[in-house]
4 protein chains.
Amino acid sequence: MSEFSETLARVRYKDTDQMGMVYYGNYFTFFEIGRVEYMRERGIAYKQMEQEDDSYIVVAEATCRYLQPARYDDLLRIRTRVSESRRRSIRFAYEILRHDGGEVLATGETLHIICNRQGRPKSLPEKYRQLFPVKIGSTN
Amino acid sequence: MSEFSETLARVRYKDTDQMGMVYYGNYFTFFEIGRVEYMRERGIAYKQMEQEDDSYIVVAEATCRYLQPARYDDLLRIRTRVSESRRRSIRFAYEILRHDGGEVLATGETLHIICNRQGRPKSLPEKYRQLFPVKIGSTN
Amino acid sequence: MSEFSETLARVRYKDTDQMGMVYYGNYFTFFEIGRVEYMRERGIAYKQMEQEDDSYIVVAEATCRYLQPARYDDLLRIRTRVSESRRRSIRFAYEILRHDGGEVLATGETLHIICNRQGRPKSLPEKYRQLFPVKIGSTN
Amino acid sequence: MSEFSETLARVRYKDTDQMGMVYYGNYFTFFEIGRVEYMRERGIAYKQMEQEDDSYIVVAEATCRYLQPARYDDLLRIRTRVSESRRRSIRFAYEILRHDGGEVLATGETLHIICNRQGRPKSLPEKYRQLFPVKIGSTN
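As a convention, each chain's residues are numbered from 1 in the sequence order in which they are written. As a convention, the first chain written is A and the first ligand written is 1, with the rest following in written order. Restriction of local features to residues with pLDDT of at least 70 applies here, the model being predicted, together with a cutoff of 80 or more for giving and counting side-chain atom pairs; totals for whole chains, interfaces and linings are based on all residues.

Chemist: Just checking my understanding: could you explain the relation of the copies chain C and chain A for this structure?
Modeler: Superposition of the two copies of the chain requires a rotation about an axis together with a shift along that axis. Rotating chain C by 180 degrees and translating it 0.0 Å along the rotation axis places it on chain A, where the RMSD comes to 0.0 Å. Taken together, the rotation and translation describe the operation of a two-fold axis. For chain C, the smallest separation between a C-alpha atom and the rotation axis is recorded for Ala9 of chain C, amounting to 5.0 Å. Contacts are defined on C-beta atoms placed from the backbone: any two residues whose C-beta positions lie within 7 Å are in contact. Comparing interface residues between copies, 100% of those in chain C also lie at the interface in chain A; the contact surface is shared. For the least-squares superposition of copies, only C-alpha atoms count, and only for residues with pLDDT at least 70 in both.

Chemist: How do you make sense of the relation of the copies chain A and chain D when you look at a structure like this?
Modeler: The transform that puts chain A on chain D rotates by 180 degrees and translates by 0.0 Å along the axis, for an RMSD of 0.0 Å. The overlap is high: 100% of the interface residues of chain A also sit at the interface in chain D, so the same surface is used on both sides.

Chemist: Sorry if this is basic, but what is going on with unusual backbone geometry here?
Modeler: For Asp73 of chain B, which is not glycine, the phi torsion reads 75 degrees and is therefore positive. In this description a helix means any DSSP run of H or I spanning at least four residues, a strand means any run of E spanning at least two, and both kinds are numbered starting from the N terminus. With respect to the helices and strands, Asp73 of chain B occurs in the loop between strand S2 (56–66) and strand S3 (75–85). Think of it as a crowd count around each C-beta: if 20 or more other C-beta atoms lie within 10 Å the residue is buried, if 12 or fewer it is exposed, and in between it is partly exposed, with C-beta placed from the backbone throughout. With 16 C-beta atoms counted inside 10 Å, the residue Asp73 of chain B sits in the partly exposed group. The backbone phi angle of Asp54 of chain C is positive, close to 45 degrees, even though this residue is not glycine. Structurally, Asp54 of chain C can be placed in the loop between helix H2 (46–53) and strand S2 (56–66).

Chemist: What is the right way to look at the sheet that holds S2 of chain C in this model?
Modeler: Strands pair in a sheet through their backbones, by hydrogen bonds, and they do so in one of two ways: parallel or antiparallel. Strand order across the open sheet formed by 10 strands is S1(B)-S3(B)-S4(B)-S5(B)-S2(B)-S2(C)-S5(C)-S4(C)-S3(C)-S1(C), with antiparallel pairing between neighbours. Sheet topology places strand S1 (5–10) of chain B together with strand S1 (5–10) of chain C at the edges, where each strand pairs with a single neighbour. Put simply, the sheet's adjacent strands are angled 25 degrees from each other on average, direction ignored. As defined by bridge partners, S2 of chain B adjoins S2 of chain C across 5 bridges and the pair is classed as antiparallel. Note on S2 of chain C: the bridge partner recorded for Arg65 of chain B is Glu61 of chain C. Strand pairing requires that DSSP identify at least two bridges connecting the strands. Note on geometry: axes are lines fitted to C-alpha atoms, helical ones only across the stretch in contact, with angles between N-to-C directions running from 0 to 180 degrees.

Chemist: Could you clarify how one ought to interpret the confidence of the model for chain A in this entry?
Modeler: Regions with low pLDDT carry predicted coordinates that are not meant to be interpreted in detail. Residues and elements named next belong to chain A. Note on scores: pLDDT gives the predictor's confidence for each residue, bounded by 0 and 100. Looking at chain A, the pLDDT average stands at 90 and 93% of residues meet or exceed 70. When pLDDT is averaged over each element of chain A, strand S5 (residues 104–115) comes out on top at 97 and helix H3 (residues 126–129) at the bottom at 83. Reported confidences for the modelled complex are a pTM of 0.91 and an ipTM of 0.91.

Chemist: How should I be thinking about the pairing of S2 of chain B in this particular structure?
Modeler: With 10 bridges connecting them, S2 of chain B and strand S5 (residues 104–115) of chain B associate as antiparallel partners. Looking at the pairing, Val59 of chain B lines up with His112 of chain B of S5 of chain B.

Chemist: Honestly, the interface of chain A and chain D in this entry has me stumped. Any pointers?
Modeler: Put simply, an interface is often sized by how much accessible area is lost when its parts join up. Tallying the contact residues gives 17 residues for chain A and 17 residues for chain D. The element best represented in the side of chain A that touches chain D is strand S2 (residues 56–66) of chain A, accounting for 9 residues. Each residue belonging to the side of chain A that touches chain D can be placed in one class, and the counts come to 10 nonpolar, 5 polar and 2 charged. The residue classification treats Ala, Val, Leu, Ile, Met, Phe, Trp, Tyr, Cys and Pro as nonpolar and Asp, Glu, Lys and Arg as charged. All others, Gly included, are polar.

Chemist: Is there a simple way to explain the sheet that holds strand S3 (residues 75–85) of chain D in this structure?
Modeler: As summarised here, the arrangement of the 10 strands in space is S1(A)-S3(A)-S4(A)-S5(A)-S2(A)-S2(D)-S5(D)-S4(D)-S3(D)-S1(D), forming an open sheet in which the pairing is antiparallel. Unpaired on one side and paired on the other, strand S1 (5–10) of chain A together with strand S1 (5–10) of chain D mark the two borders of the sheet. On average, each strand axis in the sheet is inclined to that of its neighbour by 25 degrees, with strand direction left out of account. Of the strands in this sheet, S1, strand S2 (56–66), S3, strand S4 (89–98) and strand S5 (104–115) of chain D touch helix H1 (residues 27–41) of chain D, which is tilted by about 135 degrees from S1 of chain D.

Chemist: Which parts of the structure should I look at to understand the nonpolar core?
Modeler: Generally speaking, soluble globular proteins have nonpolar side chains that are buried together. Ranked by size, the top nonpolar core spans 144 residues in total, and within it Ile96 of chain A, Ile96 of chain B, Ile96 of chain C together with Ile96 of chain D carry the most contacts. The contacts of Ile96 of chain C, once residues within four sequence positions are left out, are Tyr27, Phe30, Ala70, Leu76, Ile78, Leu105 and Ala106 of chain C. A set of buried residues qualifies as a nonpolar core if it consists of Ala, Val, Leu, Ile, Met, Phe, Trp, Tyr and Cys joined through C-beta atoms within 7 Å.

Chemist: Is there a simple way to explain the interface of chain C and chain A in this structure?
Modeler: At the interface, 9 residues of chain C touch 9 residues of chain A. Residue classes in the side of chain C that touches chain A are distributed as 3 nonpolar, 1 polar and 5 charged.

Chemist: For this particular structure, what's the right way to read the environment of Ile44 of chain A?
Modeler: Residue and element names in this part refer to chain A. You can see Ile44 is positioned in the loop between helix H1 (27–41) and helix H2 (46–53). You can call Ile44 partly exposed: it has 17 C-beta atoms within 10 Å. Counting along the chain gives 19 residues from Ile44 to Thr63, while the straight-line C-alpha distance between them is 24 Å. Sequence-distant contacts of Ile44, defined by excluding residues within four places in its chain, comprise Met39, Met49, Tyr128 and Leu131.

Right under this line is the structure:
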């Protein structure tokens, strides 16, 4: 299985702001789309993780670097990989490219902590752990 | 107590789209703000309604008529009233005005059904009912 | 060509609210997606309409009726048609269905006025007019 | 004048997601609110900067660290300061606190480049420059 997951998303009018580009906070929705597809491709339905395994992937940190503006109706290619995984945390890295042309529009990272419904940190259940490549350590 | 509730909200960059005005779906957020303030002024904390009284105000219908565009940084005056209240439903009516000048920018309505956590319709608890003026009938 | 256009969209975490369903204002984004796809299938790139023909489709009225909640990760089927078209206005009608199962979750309508960049009403350029079936009158 | 600017914002239903907290991408809207108020308090109407001085504050980088979840109806206190200012760039730092209690819920930073309408970097006009404390260098 490829280390990367790729998925497409089209920029909606709703995503733009009056500067005529995607509002800076909305890139994090594209990161969410990439993250969910990364998991789906590996057989992980995040909805089930929440409902059946009481495991919520709570975001602890998020960063985006904006290189070129994404504009209305652009078809975006979202490339997602796990850049670090530990027992209780996962770090995803993203690249957003314009599908036509291939320029990188934005890059970013999100760090997540595994929590139960009450928001208390827990270890990622065993069955999911094998699906995330262990990148750095396994003690946290 | 006045029949109307009025509250102010400023248009954020996030609310605009590339046409340079507020995105049409975002007016419903301003209606939400008006609705919540209407209830707060009458001593109803909607959060408690959900948590303590298992009463959710679920929207069944929403309409907005757009008269003049609201633009970035406009200070909006949201005027909210109950246009109809029944045992299991409430209808709110809204006007959104530009605070400087007073033009009406949009008008709208939302119809709500009272439901429990499972989404099943129920009667509005007695203690809340007296806070909403009964406008039309009381049998539904 | 079919009278209807159909397109799919998946509910994102971003679209939900704490009631665990899609926020009521966000259905209008799904209507936008349906509307844009309806035009794209008929060879109309809305981006070009704005940039090359100075024709903006400005919303004048929008309504949604909520029948069943759409939830996180639901794949939605958005069915769009033109229910009325005149020289200076177009009315779209929408149905949002759950792709698995086919229940209708919401229905709605939007009425649009053709405007130029300054927001002044104008007639829809001839080349676009033939792409919208004339439904009622042609004098307005 | 205080180095900090503080402003309040209430969490709307729209801001939450089905985890019952503010969606992670929406904290960047609160940062926007803080940034705009910081400028307004110093006499800078960002709208005028765009319209009269052809100066757009384009975001180049944004980071948020999530410490405690912000929840529906929470009144947030957004504390904003300039952590670095150069000729062509400004860095803002933010803290989001729960107004009742005062816990820090999130911290973050945004880096901005001054651009003209075409998106080309330019120096911040002189009249604005004095309003931002120069923190580090003045050569870039």
